[in-house]
Every structure is written in C-alpha cells, then in structure tokens.
Amino acid sequence: MQVHNNKRDIKADVAQFLREKKTIGFVPTMGALHDGHLALVQKALTENSVVVVSIFVNPTQFNNPEDLQKYPRTISNDINLLSTISNDIIVFCPTSEEIYGSNPISISYDFCGLEHEMEGKFRSGHFDGVGTVIKHLFEIISPTKAYFGEKDFQQLQIIKKLTEIEKMPVQIVGCPIYREESGLALSSRNKRLTDTQLKEASLIYRTLLEVKNSFGTKSVVSLNEWVTKQFENHPELTLEYFEIAEVSTLKSITKKDKNITYRAFIAVFAGEVRLIDNIALN
Ligand code: AMP
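Parameters at a glance
Residues numbered from 1 in each chain as written. Predicted model: local features only at pLDDT ≥ 70, side-chain atom pairs only at ≥ 80, totals over all residues. Heavy atoms only, no water. Salt bridge = Lys/Arg side-chain N within 4 Å of Asp/Glu carboxyl O. Helix = DSSP H or I, 4+ residues; strand = E, 2+ residues; numbered from the N terminus. Buried < 20%, exposed > 50% of the residue type's maximum accessible area, 1.4 Å probe, protein only. Near = heavy atom within 4 Å. Polar contact = N/O pair within 3.5 Å; in protein donor to acceptor, adjacent residues only side chain to side chain. Areas by Shrake-Rupley, 256 points an atom, 1.4 Å probe, with all protein chains shown as cover. Nonpolar A, V, L, I, M, F, W, Y, C, P; charged D, E, K, R; others polar.

Engineer: Help me out: how do you make sense of the pattern of salt bridges in this one?
Structural biologist: Where charged atoms from two side chains of opposite charge approach closely, those side chains can pair. Inspection of the entire model under this criterion finds 18 salt bridges. Ionic pairing is found between R192 and D67, a salt bridge with its closest N-O pair at 3.5 Å. With R192 in the loop between strand 6 (171-175) and helix 9 (195-200) and D67 in helix 3 (residues 65-70), this residue pair connects regions lying 125 residues apart in the sequence. We classify R192 as partly exposed; its relative accessible area is 24%. Its relative accessible area of 14% is what places D67 among the buried residues. Salt-bridge contacts for K135 lead to E139; the nearest nitrogen and oxygen are separated by 2.7 Å. Placement of the pair is K135 and E139 together in helix 7 (residues 126-141), with a separation of four residues, close to one helical turn.

Engineer: I keep staring at the site of the ligand and nothing clicks. Help me out?
Structural biologist: In the vicinity of the ligand there are 17 residues, among which M30, G149, D152, Y178 and L186 approach most closely. Taking Y178, its main chain carries an N or O atom lying 2.8 Å from a nitrogen atom of the ligand. A distance of 2.8 Å separates a nitrogen atom of the ligand from a polar atom in the backbone of L186. Here the ligand loses 92% of its free accessible area of 490 Å² to cover by the protein chains. Mapped onto the shell around the ligand, the elements with two or more residues apiece are strand 2 (24-29), helix 2 (35-47) and strand 5 (145-149). Among the residues forming the shell around the ligand, the class breakdown is nine nonpolar, six polar and two charged.

Keep in mind these values describe shape, not function.
Printed below as a string of structure tokens:
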C-alpha cells in the first residue's frame, strides 16, 4: 500500500497514471474510517483503474474548535483497514501545511443558496471550508470520478455545484447511506457516543422512516410537529433541526407539490456529539 504525505509524491503518481490513461477514483475522507467509508472505496475500486483515498481532518470546515480538536484521528488503524480491502489503494494523508501553506483559509463561495440551508444555518463557513479543501484535493489528484456519501447530502449537492463553478472535469458519484443494524447512520463521530447514547440514537432513523412512511398521507406541518414531539424532553437526544426540503434547491417546504422530489433532513445532539441523517421521501 502506497501512503503519501506530500503533494509532490502523489502528483508524480497521478502524472504517471494519466500518461498510462488510467482512470482515477477518489474518495476524500477525514479518517476514523468505518464501513460507510469502505463502501465508497469498494465502489471506486470496481469503477476505476486506480483508487486514491485521502485522510485529512480539514481545519477550515470546523466552525467549532472543540469539535476539530476532539475529531477522532486513527491514521494507522485506517491504513490497516484499507489494506484489508486492497493493497493497490493509494492513501494521501497530508498535513495542513501541504494543503494550505502556513495560512489555512477558505475561499468564499456562492453555491447558489445551497450553502445557506440546514447545515449552513448552524455551521457558519462550513461549506466554504469543504469547497476549498475539495478544490485543492481535486487539483492534486485529478480524479476521473469522486465518491461522496448521501449521508452528507447537502455536501454532495454542493460538491456537484463546486465542480460546475470551478469547471472541474470530474464525475461526482453519490453513494447510499450505510447504517448500523439499529438504523443509525455510521459516522466517525459515533465513536464518541456512550453506550446509552448509541442505543438511543437509533431514534433518529426510526423517526425518518416513519416520516417517509407517512409522507403520502400527512401534511408537512403535522410531520414537523410529530418529529419535534419525538425528541421533546428526551433524556439523551436534543433536536437541532428537522426539515423536509426540495432535493434540487434544499429549500425547506411547508406544503408538498406533486412533481417535486423531497428529502427529510435531521440534526440531533447526543450530549456534545452532533449527528446528522436524511432520507428520500418520494
Ligand atoms: P467524512 O470522513 O465524515 O468526511 O466522510 C467521508 C465521506 O464518507 C463523505 O463523502 C461522507 O458522506 C461519506 N460517509 C460518511 N459516513 C457515511 C455513511 N454512513 N454512509 C455512506 N457514506 C458515508
């Protein structure tokens, strides 16, 4: 397994792949890898001649310094895990200096309003940070296809917009949400949950499923009220937001329209740990 820490080395590999007309699949991650990440890597392996996985906890996308500091970092474990899938994966684990130089700052993007909805309301500057790091990584890796989880659906839509804005010739591939048996979406942050929080957090997916099942017959307003009630006075979980939104604009709605595709989005705190999830409704 090739592991590179600096741009120069990975760019040399990439230049060779491009000369050989190989297709490059790219999976950007922040590490603490789990089966959700590995599903993206597996898909990339089946669709490309070579696969690059980056592991980089990107400082510019954290609006909360404590969240950045506490984000799990398990690099050697991650590399071992990737080697169990394939020894041909190329891992890129840069320092912040390699990506940003001495000054980690974000480019200010206009993602046509996508950045102001949901996560954007609660995590100021987050999507500028995401857009900036992905632009830098795409420039280094020149991927043919890049793989992103629907777990971060808003991010997926924003990355698609980013490639339009930056005119980057890469195909963005969205991948389904990988869940625990309880239904809880796998997340690196789950490692920070207590056993009780982990158990209780399955309420998030159960709630989304119920919303999906009732979407055809109940009004958006009554679904919003019902979800709020599920978390009211909950001993372990606090609802930050629940929204039913149009897939293309991510704007939340209060009334359904027949020919529009919707998704439900939720953010919940379990203690200090922030969990997000979403589900397709129609
Ligand atoms: P992260 O390391 O959290 O930045 O995630 C790296 C990539 O893995 C992103 O595209 C995420 O959307 C994706 N991902 C994270 N968790 C899951 C999951 N449970 N199912 C599918 N994709 C996921």
